[in-house]
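# Structural characterization, general
One letter stands for each residue in the lines below.
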Amino acid sequence: MRNLSFFAFFILLCVQSVAQSSWQSVNSGTTKNLMSISFGTSAVGYVGGADSTLLKTSDGGLTWTTVNYSGLNFSQFEKDIIHVNFINADTGFAIVSNFRNPLYLGRLYRTFDGGTSWSELVTGTIAPFSTFFFDIDNGYEVGSAFFAGHVIIKETNGNWGPGFYFDFSPQDFLYTIDCYDNNMCIAAGTGGFVYRSLDGGNSWDTVKTVTDSAIHALKFLNDHTVLAACDNPMCGLIISYDTGRTWQYDMNTLTFLYPQLKGLVTSKKDSFIAVGKANADTSGVILSWHNGFTSAESAPQVLYGVAMANDSVGYVVGNNGLIMTNRNALSIVSPEQEQQRLSVYPNPSEGWINIEMREQHKVYLYDISGKLIYQSDRFSTAHHINTSALAKGVYLLNVDVRSGKSIWRKLQIQ
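Now for a quick tour of the structure. (Residues numbered from 1 in each chain as written. Predicted model: local features only at pLDDT ≥ 70, side-chain atom pairs only at ≥ 80, totals over all residues. Heavy atoms only, no water.)

## Thoughts on the overall build of the protein chain
What the protein chain contains, in helices and strands, is 2 helices and 34 strands. Taken across its 414 residues, the protein chain has 56% of its residues classed as buried. The contacts of the protein chain with a sequence gap of at least 6 include a subset with a gap of at least 24, amounting to 48%. About 17,200 Å² of surface is accessible on the protein chain, with carbon and sulfur atoms providing 50% of the total. (Helix = DSSP H or I, 4+ residues; strand = E, 2+ residues; numbered from the N terminus. Buried < 20%, exposed > 50% of the residue type's maximum accessible area, 1.4 Å probe, protein only. Contact = heavy atoms within 4.5 Å. Areas by Shrake-Rupley, 256 points an atom, 1.4 Å probe, with all protein chains shown as cover.)

## Notes on the state of the cysteines
This model, assessed by the stated rule, comprises 1 disulfide. Residue pairing for Cys 179: its cysteine sulfur links by disulfide to Cys 185, the two sulfurs lying 2.0 Å apart. One quick way to see it: the torsion about the S-S bond of Cys 179 and Cys 185 is about 105°, and its sign makes the bridge right-handed. Each member of the pair, Cys 179 together with Cys 185, is buried. (Disulfide = S-S within 2.5 Å.)

## Focus on the pairing of strand E8 (residues 107-111)
Across the 5 residues that make up E8, a large majority, 4, are buried. Sheet topology places strand E7 (residues 92-97) next to E8; 5 bridges connect them, and they run antiparallel. Bridge pairing in E8 places Gly 92 opposite Thr 111. Pairing of E8 with strand E9 (residues 119-121) involves 3 bridges; the strand directions are antiparallel. Directly across from Tyr 109, in E9, lies its bridge partner Glu 120. (Pairing = 2+ DSSP bridges.)

## Considering the sheet that holds strand E17 (residues 205-208)
Spatially, E14-E15-E16-E17 is the arrangement adopted by the 4 strands of the open sheet, whose pairing is antiparallel. Strands with a single pairing partner mark the edges of an open sheet, and in this sheet they are strand E14 (174-179) and E17. Neighbouring strand axes in the sheet, compared pairwise and without regard to direction, differ in orientation by 20° on average. Sheet analysis places E14 next to strand E15 (residues 185-189), joined by 5 bridges and oriented antiparallel. Following the sheet pairing, Asp 178 is matched in E15 by Ile 186. (Axes fitted to C-alpha atoms, helices over the stretch in contact; angles between N-to-C directions.)

Written out as structure tokens, the structure reads:
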């Protein structure tokens, strides 16, 4: 019976999210597919899209206008602005390529005047897909190349190179790169591979994750925790707790929407938003996590990009000109939940786990297959579970509150 409740919880989560969405549409002024979004400040942001579409906001995303620009060159095959990345209100980068088929294509451009004029950057042999910049003269671009795949090229003090080429197939793209600091960076793409540098991009190691699917986005949550968004309905999010050395599926974000994820953003609050496509149809998916609580919501179109205007306001973009915002994107814990103050410690556990909450509750513990391995026999504000006999690994803790609410947490047994 409890196993049925375990799976019914995730179905209920999806249904409630659709009916009570906290994300609202914003008029974009276009029906073109939108692929990338970036905020240079909390007020000024940019969106890149199909057929040379470039949008800009100067009021924090409330209104968007089409930019009348020069310097970006398009062709029949390179017609989309697939990536925008702004480091302040006026200075940023864009990649012109073909979103559906970027093989052998792509050029990197830079603007200093808020997207009005652009100049092409000569960076080396690469079909670029995305970038990461510390400042105007230092950063990375990733993608593919002629006769080479999984390519990283570094910029140091305005000079591009060297390039790192990890295989011989140009179909193998790197789609994303993120850096925690000047030394620690991770890139990922097709095949479920990640490439890590701990010495400022001078050398990279190769790590195979738990998935074979493409990883379209990854982000550091802190100096040792990394999230990655997979383009496979049975993958969703994967997570590393050791700076990308080992990976596991993130059980906190399970949902029967079975998302194929395309974009990911984190905040200073150690929270994240992931977006993509629902497996069952052409609708979009928005996953949010904050303070141990997960929200899964649907969107009317497939989503590709997500960004934070500031640490509370999130924006997502997708097909047919869709822009949506949540003005309180990463504060998704309701006041009632906040008052409950659920505490689960220590986590990871090496012998005992304590579950404490102001409201009376029962607890149930499952392994990752959904098998019930422990349940409490009474409602209480505190429970203590002996975990010394359990195998090392990830478990799911279900807290059933007397008022009828159900809360899930991931538990690591060491």
